[in-house]
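# Tertiary structure, described
So the chains spell out like this:
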Amino acid sequence: MAAAATAYALVAVSGASAAGSAGGAGIGDPYYPLYGNGGYDVNHYAIDVAYTPATDRLVGRTTVRATTTQYLTRFNLDLALTASAVTVNGRPATFTKPNWHELQITPASALNPGTPFTVEVRYAGVPSTVTPVGPTTFTPWTRTADGAVAVGEPEIAAWWYPSNDHPRDKATFDIALTVPKGLEALSNGRLVGKTFGTSTDTWRWRVANPMTTYLAFMAVGQFTVTRGTTPAGIPWLNAIAANGGAEAAAAAADLARTPEVVDWHASQWGPYPFEAMGGVAPAAETGFALENQTRPVYSRGFWAGGQSNIYVVVHELAHQWYGDSVSVHSWRDIWLNEGFATFATWKWSEAHGEGTANQILRQEYQGYAASEDWFWGVTIGDPGAAGEFQWPVYSRGAMTLQALRNRIGTATFMNLMRSWAKARAGGNGSISQFIALAEGLSGQDLTAFFDAWLYTPSKPAATVANGLDPRWATMLVSPAERSQVEATRERIKAATQPPPGRSSRK
Ligand SMILES: [Zn+2]
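Attention in this report is confined to the structure presented alongside it. Since the structure is predicted, the reported quantities are computational estimates derived from the model, not experimental observations.

### What about the sheet that holds strand β7 (residues 102–106)?
Judged by pairing direction, the sheet is antiparallel, and its three strands sit side by side in the order β3-β7-β6 without closing on themselves. Of all the strands in the sheet, the pair left with one neighbour each is β3 (75–78) and β6 (94–99). Within the sheet, the average angular offset between the axes of one strand and its neighbour, ignoring direction, is 30 degrees. Across four bridges, the pairing between β6 and β7 is antiparallel. Bridge pairing in β7 places N99 opposite E102.

### Points about the sheet that holds strand β8 (residues 116–125)
An order of β5-β4-β8-β2-β1-β11-β14-β13 is seen for the eight strands of this open sheet, with the pairing classed as mixed. Two strands bound the open sheet, and with one partner strand each, they are β5 (91–92) and β13 (190–196). Relative to strand β14 (residues 200–211), strand β11 (residues 171–180) runs antiparallel, the two being bridged by nine bridges. Bridging from a neighbouring strand, T178 pairs with T202 of β14.

### Observations concerning the environment of G278
Checked against the element boundaries, G278 lands in strand β18 (residues 277–281). Judged by the 26 C-beta atoms lying within 10 Å of it, G278 falls in the buried class. In sequence terms G278 and V297 are 19 residues apart; their C-alpha atoms lie 9.2 Å from each other. The residues touching G278, leaving out its near neighbours within four places in the chain, are W236, L237, N238, T258, T294 and R295.

### What about helix α3 (residues 258–269)?
For α3, built from twelve residues, the straight-helix expectation of 16 Å at 1.5 Å per residue is met to within 8% by its first-to-last C-alpha distance of 16 Å. In the core, the buried residues of α3 are packed alongside β17 (235–241), α2 (245–255), β18, α4 (310–318), α5 (335–351) and α9 (410–423). Just beyond α3, the residue with positive phi is G270, at close to 115 degrees.

### Some thoughts on unusual backbone geometry
Note that the residue after E153, namely P154, is joined by a cis bond; omega there is 5 degrees. Located in the positive-phi region is N89, a residue other than glycine, with phi close to 50 degrees. Within the element layout of this structure, N89 appears in the loop between β4 (82–88) and β5. For N89, a count of 15 C-beta atoms within 10 Å translates into the label partly exposed. Its identity as a non-glycine residue notwithstanding, T294 has a phi of 70 degrees, on the positive side. Since 29 C-beta atoms lie within 10 Å of it, T294 is described here as buried.

Rules of the game
Residues numbered from 1 in each chain as written. Predicted model: local features only at pLDDT ≥ 70, side-chain atom pairs only at ≥ 80, totals over all residues. Pairing = 2+ DSSP bridges. Helix = DSSP H or I, 4+ residues; strand = E, 2+ residues; numbered from the N terminus. Axes fitted to C-alpha atoms, helices over the stretch in contact; angles between N-to-C directions. Buried ≥ 20, exposed ≤ 12 C-beta atoms within 10 Å, placed from the backbone. Contact = placed C-beta atoms within 7 Å. Expected span 1.5 Å × (residues − 1).

This is how it looks when you write it as structure tokens:
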């Protein structure tokens, strides 16, 4: 699968050298050569989409405001649907589609470096028929009985709007969704307006803080919407599928706690980074929950049997700091998202009397024998294309942070977590930058520590240098203590892993 993607990249590169001034077909991600593009930086997307659930037909017009980073005779956007018209700075441009993912645009006149420009793309298609070609073959567009959900990671944008589809290029968004009258149309940020037509309604959303492309979502269908304002003045809005069954009631009860969970996260990691909050539980078994900026979207399977599942809410809201506000530089930095959000659930457990993070660390560490290669054989700091959402990235990823806390002390560790979130708010970070910050704040050489936890595909030794208690190599805990923490471990795993039979992505 990787070979197909590489072939596209080579075609694009050779084309670029022939032209001498074409933007690249990829932004330079080592896992996904076609993701994102070169030659410009997006400032703002204005997405205007009409969607008809009965036919799954989507008609769009998206305006991209960007700034060139080089002289450009030609550039790409990522779009899987079919474009019908493209203008650049208001003038018709020519365009081709060299493969399923790329829209290659040639403006009427070349663009100078460092210059703002505007691209408008008109397009249409049936998103559920788009099949990706490349390292991931997952189709993130999900139809429901009365609508659809566009939620996915690392891919979803190309199914509904053209973009520079990589976390490195963040932008603000205006998202207008036109749907048959009576349906709800949900997205990120603040709801800034609704326009009522004769047969359709248009819902307008605004994202005021920079957001990465995969975190933009749309969810259409029959929803019960509740909204309010937190004591701090931040608007919250939750949407629960009207036909969601017993799962819907449990989801509604847990999502109603969003302001409380956000407050708790803020007490740990620093101020909430966004202008709105909430959650969406569609009538869909997507098999995952995703940390969509300001408003995560949850598969209803997380509330199977009508059981509460606050840990999935804690996990997705932790990503608002780690993943959304501070985004990965490359997809191989995924530990900065999933290890951090999972650790946050351990810290929540600790704060709520359900087992300390160190107890969970001990039991996770003792729970997987060194011979379990499926677990310890994953290189957390470089899990490979399409390997980002394996359980070890979550579990060993969280172990790494608790072990680091043991190694450098709670005060320095919490300062590190807050400093990372604050210094890179609205931007990006890489694992090597996090390690440098950890060494700077602790005054310790942590090379061997991070090598053992993130870059060695085997079980770290139970040593003080690795942030572990040497007795853990042999001494198991009492059954009574074990059973309480085991229950929490199971709840955290259930909140981090998909319902049975579905692929894991969150
Ligand atoms: Zn996650």
